[in-house]
Amino acid sequence: MSIDAFFRRLVWLGLVAGLLLTACGAPSGPTVAGSPTMSNPQTPPSPGAGDTSGTAPAPDDAIARVGEEFILRRDFDRLYLPGADVQNLIDQMIDVELVVQAALAEGATVDEATIDSQVEQLRLAQAGGDEAQFLAFLQSNNIADEEELRRLLRRDFLIEQMLLKHTMAEQVRARHILVAATPEEAESRKATAEAILAELQSGADFAALARARSDDPGSAAQGGDLEWAPRGVYVQPFEDAIFSMQPGELRLVQTDFGWHIIEVTEGPEVRSFTDRALLETQAGQNAFSTTFLPWVAELRNLAEAAGKIEILVDVATLTQQ
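Attention in this report is confined to the structure presented alongside it. The structure presented is a predicted model; accordingly, all values stated were derived computationally and were not measured.

**Structural notes on the pairing of strand β6 (residues 258-272)**
Where a strand is regular, its side chains alternate between the two sheet faces. With 12 bridges connecting them, strand β3 (residues 168-180) and β6 associate as antiparallel partners. Looking across to β6, one finds that Ala 174 is bridged to Val 264. Summarising the sheet, strand β5 (residues 250-255) and β6 pair through 6 bridges and their orientation is antiparallel. Bridging across to β6, Leu 252 finds its partner in Ile 261. As consecutive antiparallel partners, β5 and β6 are separated by 2 residues.

Given below as structure tokens:
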């Protein structure tokens with residue numbers, strides 16, 4: 001597993017920056033996680049972050065200021081790819097910092113057990129547990145040491161929470177019991193589905209029936225629960241049904257997979273995403289473009305209006321050797 005493959009499982013410069021680049025029409029960009037500009041990513045910024053009079057002196061390699069934090073040259077060098085738009089990359093890095101600061105202001109926290117697990121996965125995959133080899137691997141990818149790696153991972157953890165929280169769409173939560181049938185088998189299997197529906201209408205426990213009789217093994221183990229999902233995830237007849245049903249309503253619906261006994265348990269309602277996998281669907285990308293990107297743009301507008309963003313160098317010099 002390469003470091004690119006590892007970090008592509010994380011958020012900002014894997015999924016999110018890729019979407020940002022697509023949205024902006026820019027070429028493919030960096031694949032390594034965001035910059036470790038904060039000395040303690042679990043400590044919220046002070047209320048006076050927009051007041052530069054109390055800001056600590058800029059580090060020698062600082063290229064931009066975002067509130068009381070700085071974007072560093074070494075972080076730019078790690079992320080820059082030859083031929084990429086320099087200003088576009090700096091803007092992305094500023095947006096990353098704004099999202100991290102918003103996460104802290106909103107009370108987001110980091111699960112250190114998850115960070116420990118991610119570090120160990122990478123250590124074993126790249127170095128077989130050997131510490132010297134692991135450090136050499138990190139440095140070959142412009143990451144100074146394990147602590148810098150942990151800061152990168154903590155930032156991604158915070159950003160993922162914001163990505164889910166501020167990507168919103170109309171969603172519904174439903175559960176189903178599938179009686180599998182090809183189109184040719186549909187009529188012969190309908191009676192079985194109708195019998196299950198009748199049991200439910202007579203008061204049978206939906207989750208118990210799903211675990212015992214559903215032909216969808218993934219959801220059957222969860223009592224038929226499909227969790228929250230937006231439009232565009234399910235096949236059309238199923239989607240049409242769940243977005244027109246009321247909570248508690250039961251309905252028998254046919255799709256190419258067979259017969260579904262469906263119950264909507266919550267919604268429909270506009271809400272945040274809870275499953276990162278949904279962000280990789282077309283529906284998730286649409287919601288990202290229409291809700292998350294405007295939220296980031298508003299963070300940027302507010303920060304600029306408050307004088308929290310300052311470019312400290314001539315950007316044209318950043319790619320000069």
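Having seen the model, we can carry on.
**Thoughts on the packing of helix α8 (residues 186-201) against helix α9 (residues 206-213)**
Remark: α8 packs on α9, axes separated minimally by 10 Å, with the N-to-C direction vectors making an angle of 155°. Considering their axes alone, α8 and α9 lie roughly antiparallel with respect to each other. In this structure, α8 meets α9 at a crossing whose hand is right-handed. Where α8 abuts α9, its residues Ile 196, Glu 199 and Leu 200 lie against Phe 206, Leu 209 and Arg 213. In terms of residue class, the contact of α8 with α9 is built from 4 nonpolar, no polar and 2 charged.

**As for the sheet that holds strand β1 (residues 62-66)**
With antiparallel pairing, the 3 strands of this open sheet are ordered in space as β2-β1-β7. Every interior strand has two partners, whereas the edge strands, β2 (69-72) and β7 (309-311), have only one. Within this sheet the neighbouring strands show an average axis-to-axis angle of 25°, counted without direction. Where β1 meets β7, 3 bridges bridge the pair, whose relative direction is antiparallel. When the sheet's bridge partners are listed, Ala 64 is paired in β7 with Ile 311.

**Things to note about the sheet that holds strand β4 (residues 225-230)**
An order of β4-β3-β6-β5 is seen for the 4 strands of this open sheet, with the pairing classed as antiparallel. Sheet topology places β4 and β5 at the edges, where each strand pairs with a single neighbour. Taken over all neighbouring pairs, the strand axes of this sheet differ in orientation by 40° on average, direction set aside. α9 rests against β3, β5 and β6 of the sheet, and its axis sits at about 55° to β3.

Definitions and limits used
- Residue positions are given per chain, counted from 1 along the sequence in the order it is written.
- For a predicted model such as this one, the threshold for reporting local features is a pLDDT of at least 70, and the threshold for listing and counting side-chain atom pairs is 80 or more; totals across whole chains, interfaces and linings nevertheless cover every residue.
- Values shown for side chains rest on all heavy atoms present in the structure; no hydrogens or waters enter the calculation.
- A pair of strands is treated as paired once DSSP finds two or more bridges between them.
- Here a helix means four or more residues in a row that DSSP labels H or I, a strand means two or more in a row labelled E, and each is numbered from the N terminus.
- Between the N-to-C directions of two axes lies an angle of 0 to 180 degrees, each axis being a line fitted to C-alpha atoms and, for a helix, fitted only over the stretch in contact.
- When describing relative orientation, an angle under 35 degrees is termed roughly parallel and one over 145 degrees roughly antiparallel, while 65 to 115 degrees is termed roughly perpendicular and anything else oblique.
- By convention, the crossing between two helices is left-handed when the near helix turns anticlockwise from the far helix through less than a right angle, and right-handed when the turn is clockwise.
- By definition in these notes, contact holds between two residues if any of their heavy atoms fall within 4.5 Å.
- Gly is placed with the polar residues, together with every amino acid not listed as nonpolar (Ala, Val, Leu, Ile, Met, Phe, Trp, Tyr, Cys and Pro) or charged (Asp, Glu, Lys and Arg).

Function-wise, these values are silent; they only describe arrangement.
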